[in-house]
Amino acid sequence: MNHLTKLVLEMGPLVLFFAVNAITHDLMSATLVFVVATIVALSVSFLINRTIPIMPLIGGVFVIVFGGLTLYLQDDLFIKIKPTIVNLMFAAILFGGLVAGKLFLKLVLESAFRASDEGWRILTWRWGLFFIALAIANEIVWRNFSTDFWVAFKVWGVTPITLLFGFAQVPVILKYQLPEEDGAEA
């Protein structure tokens, strides 16, 4: 799958969620579009790749479950707490892996780059703490600001913050990067 298609499939449902909410100021309509767009994006991803990458799959399941609860119960609490729960779950998985001696971040990202276990441990700590910070930020925003502000923050705040945080990890990646393995047999 090319990078543009991947980006559209991963970010498209969220952008549609924002757009529908911005136009209608109706979180229920936006949530319905979010859920349907997520199902479509996951289906298209599966049709193209014959598999669904783990992170979009996990995120998609949470959108469908919490979006479904929001729509069924007509209570926006569920879609608003979804980011908190997902981020705390990711943090718990990463920190639980450290306690168990597993580097789950390495399992997910190893195909992107190779690093020493020390590098993976540092990145795991940083990403785990970052996920906790995102959970706290989500709680502060949805509890203290309007729904429209929360939706805008979710799309135009969290996404750039996450990208900036990811770019800020490049020095760690470079410092602990392992040399490429030579494909030739001796």
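Residues numbered from 1 in each chain as written. Predicted model: local features only at pLDDT ≥ 70, side-chain atom pairs only at ≥ 80, totals over all residues. Heavy atoms only, no water.

## Quick notes on helix α7 (residues 147-168)
Point 1. Relative to the 32 Å expected for 22 residues at 1.5 Å per residue, α7 spans 30 Å between its end C-alpha atoms, a close match to the ideal helical length.
Point 2. At Phe153, α7 is deflected by roughly 40 degrees, the largest bend along its length.
Point 3. Of the positions making up α7, those classed as buried are Trp150, Val151, Phe153, Lys154, Val155, Gly157 and Phe165. (Helix = DSSP H or I, 4+ residues; strand = E, 2+ residues; numbered from the N terminus. Expected span 1.5 Å × (residues − 1). Bend = angle between axes of the 7 residues up to and from the residue. Buried < 20%, exposed > 50% of the residue type's maximum accessible area, 1.4 Å probe, protein only.)

## Some points on the packing of aromatic side chains
Point 1. Applying the stated criterion across every chain, the model contains 13 aromatic pairs.
Point 2. When the centroid spacing of 5.3 Å and the interplanar angle of 90 degrees are considered together, the rings of Phe18 and Trp156 count as edge-to-face. On the criterion of sequence distance, the pair formed by Phe18 in helix α1 (residues 3-24) and Trp156 in helix α7 is long-range, its members being 138 residues apart.
Point 3. Given a relative accessible area of 22%, Phe18 falls into the partly exposed group.
Point 4. The exposure class assigned to Trp156 is exposed, which follows from its relative accessible area of 51%.
Point 5. Members of the aromatic cluster, joined through ring pairs, are Phe90, Trp127, Phe130, Phe131 and Phe165. (Phe/Tyr/Trp six-rings, centres within 6.5 Å; stacked < 30°, edge-to-face > 60°.)

## Things to note about the environment of Pro56
Point 1. Tracing the backbone through its elements, the reader meets Pro56 in helix α3 (residues 54-73).
Point 2. Here Pro56 falls in the partly exposed class, since its relative accessible area comes to 25%.
Point 3. Every residue in contact with Pro56, bar those within four places of it in the chain, is listed here: Glu10 and Leu42. (Contact = heavy atoms within 4.5 Å.)

## Regarding the packing of helix α4 (residues 77-99) against helix α6 (residues 117-144)
Point 1. Viewed as axis vectors pointing N to C, α4 and α6 meet at an angle of 160 degrees, and their least axial separation amounts to 8 Å. One way to sum up the angle between α4 and α6 is to call them roughly antiparallel. For α4 against α6, the interelement crossing comes out left-handed.
Point 2. Here the residues of the contact of α4 with α6 sort into 17 nonpolar, five polar and three charged. (Axes fitted to C-alpha atoms, helices over the stretch in contact; angles between N-to-C directions. Parallel < 35°, antiparallel > 145°, perpendicular 65-115°, else oblique. Left-handed = near helix turned anticlockwise from the far one by under 90°. Nonpolar A, V, L, I, M, F, W, Y, C, P; charged D, E, K, R; others polar.)

## A closer look at unusual backbone geometry
Point 1. Despite not being glycine, His25 shows a phi value in the positive range, around 55 degrees.
Point 2. In this model, Gln74 sits at a positive phi of 50 degrees, which is unusual for a non-glycine residue.
Point 3. Residue position: Gln74 is located in the loop between α3 and α4.
Point 4. For Gln74, a relative accessible area of 53% corresponds to the exposed category.

## Focus on the nonpolar core
Point 1. Core analysis: the largest hydrophobic core is formed by 39 residues, its most contacted members being Phe17, Trp120, Leu123, Trp127, Phe131 and Trp150.
Point 2. Here this core gets nine residues from one element, more than from any other, and that element is α4.
Point 3. Once residues within four sequence positions are removed from consideration, Trp120 is found in contact with Leu103, Leu105, Lys106, Leu109, Glu110, Phe113 and Ala115. (Core = buried A, V, L, I, M, F, W, Y, C linked by side-chain atoms within 4.5 Å.)

## Focus: the environment of Leu103
Point 1. Among the structural elements, Leu103 can be located in the loop between α4 and α5 (104-109).
Point 2. By relative accessible area, Leu103 is classed as buried at 14%.
Point 3. A sequence separation of 25 residues divides Leu103 from Phe78, and the C-alpha atoms of the two residues are 30 Å apart.
Point 4. When residues no more than four places from it in sequence are discounted, the contact partners of Leu103 are Leu98, Asp117, Trp120, Arg121 and Thr124.

## Re the pattern of salt bridges
Point 1. Under the criterion given, the structure shown has four salt bridges.
Point 2. For Asp76, the salt bridge goes to Lys80, with nearest N and O atoms at 3.2 Å.
Point 3. The closest approach of N and O atoms between Asp117 and Lys106, which form a salt bridge, is 3.0 Å. Placement of Asp117 in helix α6 and of Lys106 in helix α5 is noted, with a sequence separation of eleven residues between them. (Salt bridge = Lys/Arg side-chain N within 4 Å of Asp/Glu carboxyl O.)

## Considerations on the packing of α4 against α7
Point 1. Between α4 and α7, the shortest axis-to-axis distance is 12 Å and the interhelical angle comes to 35 degrees. Here α4 runs over α7; the crossing is left-handed. Between α4 and α7, the contacting residues are Ile79, Lys80, Lys82 and Pro83 on the first element and Thr147, Trp150 and Lys154 on the second.
Point 2. Its residues assigned to classes, the contact of α4 with α7 shows three nonpolar, one polar and three charged.

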